[in-house]
Each structure stands twice: as structure tokens, then as C-alpha cells.
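Okay, here's what each chain looks like letter by letter:
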Amino acid sequence: MATRSKQKAETRKANKDTRPYAIAKYIRIAPSKVHVVLDLIRGKNYIEAVAILKTTSKAACEPVLKVLNSAAANAEVNKGMNKDALYVAECFADQGPTLKRVQPVSRGRAYRILKRTSHITVILDERA
């Protein structure tokens with residue numbers, strides 16, 4: 001049985017990050033491809049980040065834009081923040097589960113294909 005569970009829960013609640021965020025899980029694109037797009041918008045103003053994502057021709061731009069808009073909506077509705085004052089404080093892509101597939105090749109052999117997935121997180125904050 002867990003000891004000091006109420007005290008631990010209170011400590012976790014006190015240390016919780018209060019910035020608005022959004023997470024998209026199990027996105028079928030490799031995290032290495034998402035990192036390239038996230039590096040473009042990290043630290044940028046929300047409006048500037050949206051413009052960058054709409055004009056960049058990378059496959060990862062569409063899911064990242066979706067997560068960014070979701071985080072901005074969370075900030076506006078839940079925290080009462082103004083979209084114009086927001087900026088991308090943190091953004092990262094963690095590796096999700098890998099789907100393993102088989103590609104038949106010559107002489108009766110099989111090569112393994114790894115279809116990687118990502119968990120994309122965008123954390124916004126207000127400019128002081």
C-alpha cells in the first residue's frame with residue numbers, strides 16, 4: 001500500500017505546471033521529421049508560428065499546426081489568455097510505439113520495416 005499518498009498528491013498538485021498545453025499522441029510520422037518543424041517555431045510568437053507552419057512544405061507541419069491551435073484554444077478558453085500575447089515556450093516530440101511491418105525480398109527472406117509514431121507536445125506562455 002502506498003504511504004503518504006495524500007501528501008504526495010498535494011506536492012504534485014503544487015508543483016504542476018500551469019501553462020496551457022496540448023498533446024497529440026500516436027501521430028504516424030517519425031519524431032526525427034517532427035523535430036525539424038518544431039525547431040522552426042520554438043520561441044516564436046503564436047501568430048508568427050502559425051504563419052511559418054502554413055508556409056512550410058513539410059509533412060509534419062499539419063499535425064504540429066493542429067496541436068499549436070489546440071494549445072492556443074486551451075489558453076484562451078481555460079486560462080483566459082489573449083492569443084496575441086502567446087508564444088511557444090516549449091515544444092517537443094517524443095517517440096511513440098513503433099509499428100513493425102515485413103517487406104518480402106528475394107530468396108524467401110523478409111526485411112523489417114519500422115513505422116515510427118510520435119507524441120507531439122506544445123506548451124505556450126504569455127509574454128511578460
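What counts and how
Residues numbered from 1 in each chain as written. Predicted model: local features only at pLDDT ≥ 70, side-chain atom pairs only at ≥ 80, totals over all residues. Heavy atoms only, no water. Helix = DSSP H or I, 4+ residues; strand = E, 2+ residues; numbered from the N terminus. Rg over C-alpha atoms; globule rule 2.2 N^0.38 Å. Buried < 20%, exposed > 50% of the residue type's maximum accessible area, 1.4 Å probe, protein only. Phe/Tyr/Trp six-rings, centres within 6.5 Å; stacked < 30°, edge-to-face > 60°. Lys NZ or Arg CZ within 6 Å of the ring centre and 35° of its normal. Contact = heavy atoms within 4.5 Å. Salt bridge = Lys/Arg side-chain N within 4 Å of Asp/Glu carboxyl O. Polar contact = N/O pair within 3.5 Å; in protein donor to acceptor, adjacent residues only side chain to side chain. Pairing = 2+ DSSP bridges. Axes fitted to C-alpha atoms, helices over the stretch in contact; angles between N-to-C directions.

*Asks:* Whenever I open this one, the overall build of the protein chain confuses me. Can you help?
*Replies:* Looking only at helices and strands, the protein chain has 4 helices and 5 strands in total. Listing each helix as α and each strand as β along the protein chain from the N terminus yields α-β-α-α-α-β-β-β-β. Compactness check: the protein chain gives a C-alpha radius of gyration of 19 Å against a globular reference of 14 Å for 128 residues, more than 25% above the reference. Principal axes of the C-alpha set define a box for the protein chain whose edges measure 65 × 55 × 20 Å. In the protein chain, buried positions account for 31% of the 128 residues.

*Asks:* Please clarify how the packing of aromatic side chains should be interpreted in this entry.
*Replies:* We describe a pair of aromatic rings using the distance from one ring centre to the other and the angle between the two ring planes. Counted according to the given criterion, the structure contains 0 aromatic pairs. In this structure, arginine 127 packs its charged tip against the face of tyrosine 87, placed 4.1 Å from the ring centre.

*Asks:* It is not clear to me how the environment of isoleucine 27 should be interpreted in this structure. Could you clarify?
*Replies:* The residue isoleucine 27 is located in strand E1 (residues 21-27) in this model. Other than its neighbours up to four places away in sequence, isoleucine 27 contacts Pro63, Arg116, Thr117, Ser118 and Ile120.

*Asks:* Help me understand the pattern of salt bridges, please; the structure alone is not making it clear to me.
*Replies:* Proximity of charged atoms lets side chains of opposite charge pair with each other. The full count for this structure, using the stated rule, is 4 salt bridges. Ionic pairing is found between glutamate 90 and arginine 19, a salt bridge with its closest N-O pair at 2.5 Å. Of the two residues, glutamate 90 sits in strand E2 (residues 86-95) while arginine 19 sits in the loop between helix H1 (5-14) and E1, which places them 71 residues apart along the sequence. The shortest N-O distance in the salt bridge between glutamate 76 and lysine 83 comes to 3.9 Å. Taking the relative accessible area as the measure of exposure, glutamate 76 reaches 40% and is therefore partly exposed. For lysine 83, a relative accessible area of 27% corresponds to the partly exposed category.

*Asks:* Can you help me understand the side chain of histidine 119 in this one?
*Replies:* Note that histidine 119 resides in strand E5 (residues 118-126). Among the polar contacts listed, one links the side chain of histidine 119 to the backbone nitrogen of tyrosine 26, at a separation of 3.2 Å. Those residues in contact with histidine 119 that lie beyond four places of it in its chain are Ala24, Lys25, Tyr26, Phe92, Ala93, Asp94, Gln95, Gly96 and Pro97.

*Asks:* What's the story with the sheet that holds E5 in this structure? I'm lost.
*Replies:* On the basis of which strands lie adjacent, the open sheet formed by 3 strands has the order E1-E5-E2 and antiparallel pairing. At either end of the open sheet lies a strand with only one pairing partner, and these are E1 and E2. Pairs of neighbouring strands in the sheet enclose a mean axial angle of 15 degrees, with direction left out of account. Against the sheet, helix H2 (residues 31-41) contacts E2 and E5, and its axis sits at roughly 170 degrees relative to E2.

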